[in-house]
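In case you want the letters, here they are:
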Amino acid sequence: MSIQVIVGSFILIPLLGFLLSLFVPERSEAVLSRIAFITSALELIGSIGFIGYWLVLGSPEINIPEFVLFKGSGYEFLVDFYFDKITAVYLLVGAFLTFLITRYSRYYLHRESGYKRFFNTILFFYLGYSLTIFSGNFETLFIGWEILGLSSFLLVAFYRERYLPVRNAVKVFTIYRIGDVGILLAMWASHHLWHENISFMKLGNYNLVHEQLQSHSAIGLFISLMILVAAAAKSAQLPFSSWLPRAMEGPTPSSAIFYGSLSVHFGVFLLLRTYPFWEHQFVVRLIIGLVGASTAIVGFTIARVQSTIKSQIAYASISQIGIMFIEIALGLHALALIHFAGNAFLRTYQLLVSPAVVSYLIRNQFYHFTGRVKTFEDYLPRRLQYSLYVLSLKEWNLDLLLNRMVFAPIKRLGKYLDFLSMRNVLFYFIPTYFFGVLLRIQEEILPIQLLEWLPEIIAILGLLMVLKSFSERNNPYLAWVLILLNHAWLALAISFNEHFDWLHIGLYLSGFFPAGILGLFCLYQLKKHAPEYFNLNQYYGLVADFPKLSFVFLLASMGLMGFPISPSFIGEDLVFSHIHSDQFLLATVNALSFVLSGIALIRIYARLFLGIHARHVHETPYKSS
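Attention in this report is confined to the structure presented alongside it. Only a predicted model underlies this, so the values are computations on that prediction, with no experimental measurement involved. (Residues numbered from 1 in each chain as written. Predicted model: local features only at pLDDT ≥ 70, side-chain atom pairs only at ≥ 80, totals over all residues. Heavy atoms only, no water.)

1. Remarks on the overall build of the protein
- Each helix and strand in the protein was counted, giving 25 helices and two strands.
- Relative to the compact-globule value of 25 Å for 625 residues, the protein shows a C-alpha radius of gyration of 25 Å, a close match.
- Taken along the three principal axes of its C-alpha coordinates, the protein extends 85 × 65 × 60 Å.
- In the protein, which comprises 625 residues, the proportion classed as buried is 58%.
- Accessible surface for the protein amounts to roughly 26500 Å². Of this, 66% is attributable to carbon and sulfur atoms.
- Counting 43 positive and 36 negative side-chain charges, the protein places the averaged centre of each group 14 Å from the other. (Helix = DSSP H or I, 4+ residues; strand = E, 2+ residues; numbered from the N terminus. Rg over C-alpha atoms; globule rule 2.2 N^0.38 Å. Buried < 20%, exposed > 50% of the residue type's maximum accessible area, 1.4 Å probe, protein only. Areas by Shrake-Rupley, 256 points an atom, 1.4 Å probe, with all protein chains shown as cover. Lys, Arg positive; Asp, Glu negative; His and termini not counted. Charge placed at Lys NZ, Arg CZ, Asp CG, Glu CD.)

Pasting the structure below:
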């Protein structure tokens, strides 16, 4: 059996397991858990055997260009797989922990109403995990990255009839999407730096990288900083640390596999994978080290004052990952990989036994009470002790900082866009769009000075639509249509750049418009059967009444956000390849449009279908879980 087939099987097995689990009835708990168990067992056995064979061969670096999804003039979307020591460690740790969690969950979640959803999502997550660790270029990595983000949202919102899990799931997904800005801009800049979809194996070529960075040091620094933004968001480093404890609202097994062991370490993986690119940029290494050090200190102080064991474990894990960032910045790769494996196993164990530990400690304090032992904080000045204590209780105001610096300005700007009503969109903006299409056809009549700025102007108009959709509270139709129109305006903006022909526009829009029409149909059905709840003012939990409609609407939302289930995912990358290297404004506006539209879509889905059931005909849990 060839190595190419073996590596491909590590992707194919979780994919087949996930697809099989979709067709198993809800009541068949034994079949569902068996599919997940067999899938993870095959991955574990296969990983042990393949890593042993790879070590016998002398642990070579293996690059496998699988297949080309799209090829045009000067552009190629290639699915590329890569295997080295980093992949080997992540593969073995991930396979073992997934096997352990699937075994644990088949009993832990017995008779739980979301049993099928849980195992569907776990297998979906493991598919994204496998794609990410085997990725040989940024494009393949981004496919897995997107799957991880959506499965994260679904697992945190597992208790979808409660308020806090749903609210925190939206928050987690939002932070993940902010990290996607870094990945998208890094991909765009690397296209222009290398004039190809560079593979990670080529990044290990010192002479090639050094030669490019000598003449393009500024763009090299930009790519490295964007990679750091993506890594910091994924691994809950400052200033994004506050999302990780909120993610613990999901079931204990998902908290263990996702936020204690595997998903939270993907920032570390990204830095390790791209290390050959930025290792000779001293400023980047210094910034990564400072981010890690500051996160380790802040996370340690917050963990010391937590009142819940899950939050304490979360912040302790954040601190350890901060130290891993320092180790990577210092070039201590082997130590970072050992640290990752140790932290993953320890946090998984702690989270799985946390309910038993809490009950034991409560019992123990009655029978074996001892006074508080002095710690190093007791030797600090009293004023400093109190200041640190209050700051740590408030989690260093990280939530407040993110809200004031990112979300509040977006919402304020959205409120100034009330002129984007449904009537004005239909009567003014759609005709204006078709006028822009006519100008694109007769492009030669436009002055050159206008053509230079026209893509940015049109893209900013599209971004304004997304901002309005993000802040819209009254009309779900309007919020949905604005996102659909944003994609059309972005295609028009890029079409004024060279070489973006009608075939490319068709590829880009081929997934968005069917998904948009499907979503409008779902909204029509929802308004027809539940008109009193057809707004976005709160979470209505209508999935209890319309489970099938909820699933279809989620698929439509995935299609409209450019999730890798349609050709539009390739179109997104194609769009960035046609933004020139000096068009930083256009690239940033496009990245923000993609990211904010995804957040707005998940917000629409969550507010309509998730949360406490508005009709009060089902069991109603307390607001706080």
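Let's pick the thread back up.
2. Focus on the environment of Gln 525
- Following the sequence through the fold, Gln 525 ends up in helix α22 (residues 512-529).
- On the accessibility criterion, Gln 525 (18% relative accessible area) is buried.
- For the pair Gln 525 and Ile 147, spaced 378 residues apart in sequence, the C-alpha separation works out to 28 Å.

3. Structural notes on α22
- If you check α22, its first and last C-alpha atoms are 26 Å apart, about what 18 residues at 1.5 Å a residue would give, namely 26 Å.
- Those residues of α22 lying buried are Phe 512, Ala 515, Gly 516, Gly 519, Cys 522, Leu 523, Gln 525 and Leu 526.
- For α22, the secondary structure elements touched by its buried residues are α20 (476-495), α21 (502-509), α23 (547-560), α24 (568-577) and α25 (584-609). (Expected span 1.5 Å × (residues − 1). Contact = heavy atoms within 4.5 Å.)

4. Remarks on the side chain of Thr 87
- Tracing the sequence through the fold places Thr 87 in helix α3 (residues 85-108).
- Given the relative accessible area of 0%, Thr 87 is considered buried.
- The contacts of Thr 87, once residues within four sequence positions are left out, are Tyr 82, Ile 133, Phe 134 and Arg 273.

5. Quick look at the packing of helix α4 (residues 115-134) against helix α12 (residues 266-278)
- Their axes nearest at 11 Å, the elements α4 and α12 cross at an angle of 20 degrees. Our classification of the angle between α4 and α12 gives roughly parallel. Read as a crossing pair, α4 and α12 show a hand that is left-handed. Contacts from Tyr 129, Thr 132 and Ile 133 of α4 reach α12 at Phe 266, Phe 269 and Arg 273.
- Split into classes, the residues belonging to the contact of α4 with α12 amount to four nonpolar, one polar and one charged. (Axes fitted to C-alpha atoms, helices over the stretch in contact; angles between N-to-C directions. Parallel < 35°, antiparallel > 145°, perpendicular 65-115°, else oblique. Left-handed = near helix turned anticlockwise from the far one by under 90°. Nonpolar A, V, L, I, M, F, W, Y, C, P; charged D, E, K, R; others polar.)

6. Details of helix α11 (residues 252-261)
- Of all ten residues in α11, ten are buried; the element is thus mostly enclosed.
- Listed in full, the buried residues belonging to α11 are Thr 252, Pro 253, Ser 254, Ser 255, Ala 256, Ile 257, Phe 258, Tyr 259, Gly 260 and Ser 261.

7. Brief notes about the packing of aromatic side chains
- Taken as a whole and assessed by the stated rule, the structure comprises 43 aromatic pairs.
- Geometrically, the ring pair formed by Phe 83 and Phe 134 is stacked, given 5.9 Å between the ring centres and 25 degrees between the ring planes. Note that Phe 83 is positioned in strand β2 (residues 75-83) and Phe 134 in helix α4, a separation of 51 residues in sequence.
- Residue class for Phe 83 comes out buried when judged on its relative accessible area of 1%.
- Overall, Phe 134 belongs to the buried group, its relative accessible area being 0%.
- Following the ring pairs from residue to residue traces out a cluster consisting of Tyr 90, Phe 125, Tyr 126, Tyr 129, Phe 266, Phe 269 and Phe 340. (Phe/Tyr/Trp six-rings, centres within 6.5 Å; stacked < 30°, edge-to-face > 60°.)

8. Observations concerning the packing of α3 against α4
- Where α3 contacts α4, the two axes come as close as 10 Å, and the packing angle between them is 175 degrees. The pairing of α3 with α4 is recorded here as roughly antiparallel in orientation. When α3 is examined against α4, the residues Thr 87, Tyr 90, Leu 91, Gly 94, Ala 95, Thr 98, Thr 102, Ser 105 and Arg 106 are found in contact with a partner set consisting of Tyr 115, Phe 118, Phe 119, Ile 122, Tyr 126, Tyr 129, Ile 133 and Phe 134.
- A breakdown of the residues in the contact of α3 with α4 according to their chemical character gives eleven nonpolar, five polar and one charged.

9. Points about a positive patch on the surface
- The grouping of Arg 167, Lys 411, Lys 415 and Arg 473 at the surface amounts to a positive patch.
- Structurally, the position occupied by Arg 473 is in the loop between α19 (448-471) and α20.
- Judged by relative accessible area, Arg 473 falls into the partly exposed class, the value being 36%. (Patch = residues over 30% accessible without salt bridge, like charges linked within 9 Å, V, L, I, M, F, W, Y side chains within 5 Å. Salt bridge = Lys/Arg side-chain N within 4 Å of Asp/Glu carboxyl O.)

10. Some points on the side chain of Ser 319
- In this structure, Ser 319 sits in helix α14 (residues 309-329).
- Its relative accessible area of 7% is what places Ser 319 among the buried residues.
- Those residues in contact with Ser 319, other than ones at most four positions away along the chain, are Thr 295, Ala 296, Gly 299 and Phe 300.

11. Regarding the environment of Lys 171
- Relative to the helices and strands, Lys 171 is located in helix α6 (residues 163-194).
- Setting aside its immediate chain neighbours within four residues, Lys 171 contacts Ser 242, Trp 243, Arg 246 and Asp 399.
- Here the side chain of Lys 171 touches Asp 399 through a polar contact of 2.7 Å, side chain to side chain. (Polar contact = N/O pair within 3.5 Å; in protein donor to acceptor, adjacent residues only side chain to side chain.)

12. Overview of a nonpolar patch on the surface
- Taken together, the side chains of Leu 12, Leu 15, Leu 16, Leu 19, Leu 22 and Phe 23 define a hydrophobic patch exposed on the protein surface, amounting to about 560 Å² of accessible area.
- Within the element layout of this structure, Leu 16 appears in helix α1 (residues 3-22).
- What makes Leu 16 partly exposed here is its relative accessible area of 43%.

13. A word on the pattern of salt bridges
- Enumeration according to the criterion identifies eight salt bridges in this entry.
- Residue Arg 177 pairs with Asp 180 through a salt bridge whose shortest N-O separation is 3.7 Å. In this pair, Arg 177 and Asp 180 both sit in helix α6, three residues apart, roughly one turn of the helix.
- Residue Lys 468 pairs with Glu 472 through a salt bridge whose shortest N-O separation is 3.2 Å.

14. Considering the pairing of β2
- In terms of residue burial, β2 counts as a mostly covered element, since eight of its nine residues are buried.
- Of the strand pairs in this sheet, strand β1 (residues 62-72) and β2 are connected by nine bridges, and their pairing is antiparallel. For Gly 72, the partnering residue across the bridge sits in β2 and is Tyr 75. (Pairing = 2+ DSSP bridges.)

15. A look at unusual backbone geometry
- A cis geometry characterises the amide bond from Leu 238 onward to Pro 239, with omega recorded as 5 degrees.
- As for its placement among the helices and strands, Pro 239 is situated in the loop between α9 (217-234) and α10 (243-246).
- Backbone geometry at Ser 59 places phi at a positive 45 degrees, although glycine is not the residue there.
- If you trace the backbone, Ser 59 turns up in the loop between α2 (29-56) and β1.
- Taking relative accessible area as the criterion, Ser 59 reaches 36% and is therefore assigned partly exposed.

16. Concerning the environment of Ser 40
- Its place among the elements puts Ser 40 in helix α2.
- Residue class for Ser 40 comes out buried when judged on its relative accessible area of 2%.
- In this structure, the C-alpha to C-alpha distance between Ser 40 and Arg 246, residues 206 residues apart in sequence, is 27 Å.
- Excluding its chain neighbours within four sequence positions, the residues that come into contact with Ser 40 are Ala 95, Thr 98, Phe 99 and Thr 102.
- Side chain to side chain, Ser 40 and Thr 102 meet in a polar contact 3.1 Å long.

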